[in-house]
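Chain by chain, the residues:
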Amino acid sequence: MKKWREEKFDKRIRPKRKHRVSSCGDNRGVTLMEMVVSVAIIGIFGAVVAGFVTSGANFYRKSADTVQVQSDMQNTMDTVENQIMNASEGIGYTDNGDARVLTTNRRTFVATGSMTPYTDVITWKAAEEKLYYARTSTDSSLAAAESVLAEHVTDFSVDMSQAKSEGVVRFSITIRGNTGMYRNPSKRSGYCRTAGRI
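First, a word on what this report is: a plain description of the structure on this page. Quick caveat, the model's predicted, so the values are computed rather than measured.

## Here we look at the sheet that holds strand E5 (residues 144-151)
- Across the sheet, which stays open at both edges, the 5 strands sit in the order E1-E2-E3-E4-E5 with antiparallel pairing between neighbours. Edge strands, defined here as strands with exactly one partner in the open sheet, are strand E1 (90-95) and E5. Between one strand axis and the next, the sheet turns through 20° on average, direction left out of account.
- With 6 bridges connecting them, E1 and strand E2 (residues 99-109) associate as antiparallel partners. Counted as the bridge partner of Gly 90 is Asn 105 from E2.
- In this fold helix H2 (residues 32-85) packs onto E1, E2, strand E3 (115-125), strand E4 (130-137) and E5, with an angle of close to 55° to the strand it touches most, E2.

## Re unusual backbone geometry
- Backbone geometry at Glu 129 places phi at a positive 55°, although glycine is not the residue there.
- Assignment of secondary structure puts Glu 129 in the loop between E3 and E4.
- Given the relative accessible area of 23%, Glu 129 is considered partly exposed.
- Despite not being glycine, His 152 has its phi angle at roughly 60°, a positive value.
- Within the secondary structure, His 152 sits in the loop between E5 and strand E6 (153-159).

## Digging into the pairing of E2
- What sits between the antiparallel neighbours E1 and E2 is a turn of 3 residues, in which Gly 97 has the positive phi angle 85°.
- Across 11 bridges, E2 lies against E3 in antiparallel orientation. Looking at the pairing, Thr 108 lines up with Thr 116 of E3.

## Let's talk about the nonpolar core
- With 23 residues, the main nonpolar core has Leu 102, Val 153 and Phe 156 as its most contacted residues.
- With 5 residues, H2 is the single largest residue contributor to this core.

What counts and what doesn't
- Residues numbered from 1 in each chain as written.
- Predicted model: local features only at pLDDT ≥ 70, side-chain atom pairs only at ≥ 80, totals over all residues.
- Heavy atoms only, no water.
- Pairing = 2+ DSSP bridges.
- Helix = DSSP H or I, 4+ residues; strand = E, 2+ residues; numbered from the N terminus.
- Axes fitted to C-alpha atoms, helices over the stretch in contact; angles between N-to-C directions.
- Contact = heavy atoms within 4.5 Å.
- Buried < 20%, exposed > 50% of the residue type's maximum accessible area, 1.4 Å probe, protein only.
- Core = buried A, V, L, I, M, F, W, Y, C linked by side-chain atoms within 4.5 Å.

Structure below.
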């Protein structure tokens, strides 16, 4: 009896396993119909996720474009407004249809101690959709070659109807971005110190 108990608990002796039948029924694998349904569900889920990712990327791209255009417009408007407000010797505006020119005249001290006049010129060229800035002067140290102030400018206009009477010059700018046109909300005004010299 003692011997039988030792064999029973001996770890080397293992009972024979009986073949178990699955309680789920047939265990042959996945059917074609189950595979098609699984792939369809994964495809629908993937399409939904791809839609969210694409719409998020498009929203980011549009927001980035809007911010860039608004920043460019703000910088351009500040520059034009400063030119109008600092015009101490006179201001002029010419509209030739496809080219519009705003000129502001000032004087400044140079190294010799004399007052030297110079003219700041802002030119919009419709065909190029660009706004240019240049400075002309009899003193070469004050002169500046024509450079691009803003790109994709589809319209630039100046209203000088109140310049002589009230010293107010209004202007507006429209810039084209990748996602649409952006125009300053209302015509911006610059107070011109040279109301009598227009």
